[in-house]
Amino acid sequence: MFFLFSVYGVAMGLEKDCGCFGNAVKSYFGWGMVGRNTVFLLLSIFILSLRKEF
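Sequence order sets the numbering: in each chain, residues are counted from 1 along the sequence as written. Given that the model is predicted, a residue must reach a pLDDT of at least 70 before its local features are reported, and side-chain atom pairs must reach 80 or more before they are shown or counted; all residues, however, enter totals for whole chains, interfaces and linings. Based on all heavy atoms of the structure, the side-chain values leave hydrogens and waters out of the count.

Colleague: I'd like a rundown of the overall build of the protein, residues and numbers included.
Modeller: Only DSSP runs of H or I reaching four residues or more are called helices, and only runs of E reaching two or more are called strands; each is numbered from the N terminus. Looking only at helices and strands, the protein has 2 helices and 0 strands in total. Summary of the burial criterion: residues with accessible area below 20% of their type's maximum are buried, those above 50% are exposed, and those between are partly exposed, where the area comes from a 1.4 Å probe applied to protein chains only. By the burial criterion, 17% of the 54 residues in the protein qualify as buried. The contact rule is simple, with two residues in contact once any of their heavy atoms fall within 4.5 Å. Expressed as a percentage of contacts within the protein between residues at least 6 apart in sequence, the contacts between residues at least 24 apart total 31%. Only the protein chains shown count as covering a residue, and every accessible area follows the Shrake-Rupley method with a 1.4 Å probe. Of the roughly 4600 Å² of accessible surface on the protein, 71% is carried by carbon and sulfur atoms.

Below, the structure is given as structure tokens:
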């Protein structure tokens, strides 16, 4: 969801803090956010693909 939200924000030209992490981290819409969320998405898919069925 964060990946889609960041792509939407960049496409719509939003320039505000998304508030994804509260006040802990300032996270503004931009290609950096899209890149970071892409890495997180790929990492989560990789981790889930390693999971063995019990």
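After that view of the structure, there is still more to cover.
Colleague: Which residues make up the packing of helix α1 (residues 2-12) against helix α2 (residues 31-50), and what are the values?
Modeller: Relative placement of two packed helices is described by the angle separating their axes and the distance separating the axes. Only the stretch in contact is used when fitting a helix axis, every axis being a line fitted to C-alpha atoms; angles between N-to-C directions are given from 0 to 180 degrees. At a minimum axis distance of 9 Å, the contact between α1 and α2 shows a crossing angle of 160 degrees. Judged by the inter-axis angle, α1 sits roughly antiparallel to α2. With respect to the hand of their crossing, α1 and α2 are arranged in left-handed fashion. Counting all contacts with α1, which are made through Phe2, Phe3, Ser6, Val7 and Val10, the residues of α2 involved are Trp31, Met33, Val34, Asn37, Thr38 and Leu41. For the contact of α1 with α2, the residue count by class is 8 nonpolar, 3 polar and no charged. Each angle is binned into one of four classes, with values under 35 degrees roughly parallel, values over 145 roughly antiparallel, values of 65 to 115 roughly perpendicular, and all other values oblique. By convention the crossing between two helices is left-handed if the near helix lies anticlockwise of the far one by an angle smaller than a right angle, and right-handed if it lies clockwise. Each residue receives one of three labels: charged for Asp, Glu, Lys and Arg, nonpolar for Ala, Val, Leu, Ile, Met, Phe, Trp, Tyr, Cys and Pro, and polar for the others, Gly being one of them.

Colleague: Can you lay out the side chain of Asn37 for me, pointing to particular residues and giving the numbers?
Modeller: Residue placement: Asn37 occurs in helix α2. Excluding its chain neighbours within four sequence positions, the residues that come into contact with Asn37 are Phe2, Phe3 and Ser6.

Colleague: Please provide a residue-by-residue account of the packing of aromatic side chains, values included.
Modeller: Pairing of aromatic rings covers Phe, Tyr and the six-membered ring of Trp, with a centre-to-centre limit of 6.5 Å; geometry is then stacked below 30 degrees between planes, edge-to-face above 60, and tilted otherwise. By the definition in use, this model includes 1 aromatic pair. Both rings, one in Phe5 and one in Phe29, keep their centres 5.4 Å apart while their planes meet at 65 degrees; by these two values the pair is edge-to-face. You can see Phe5 sitting in helix α1 and its partner Phe29 sitting in the loop between α1 and α2, a full 24 residues away along the chain.

Colleague: Can you explain the side chain of Ser6? Please cite residues and give values.
Modeller: Following the sequence through the fold, Ser6 ends up in helix α1. The exposure class assigned to Ser6 is buried, which follows from its relative accessible area of 0%. One polar contact links the side chain of Ser6 to the main-chain carbonyl oxygen of Phe3, over a distance of 2.8 Å. In this structure, Ser6 is in contact with Phe29, Met33, Val34 and Asn37, ignoring residues within four places of it in sequence. Each polar contact in these results corresponds to two N or O atoms within 3.5 Å; when the atoms are within protein, one needs to be able to donate a hydrogen and the other to accept it, and residues that are neighboring in sequence are counted only if both atoms are side-chain atoms.

All quantities given are derived from atomic positions and should not be read as evidence of function.
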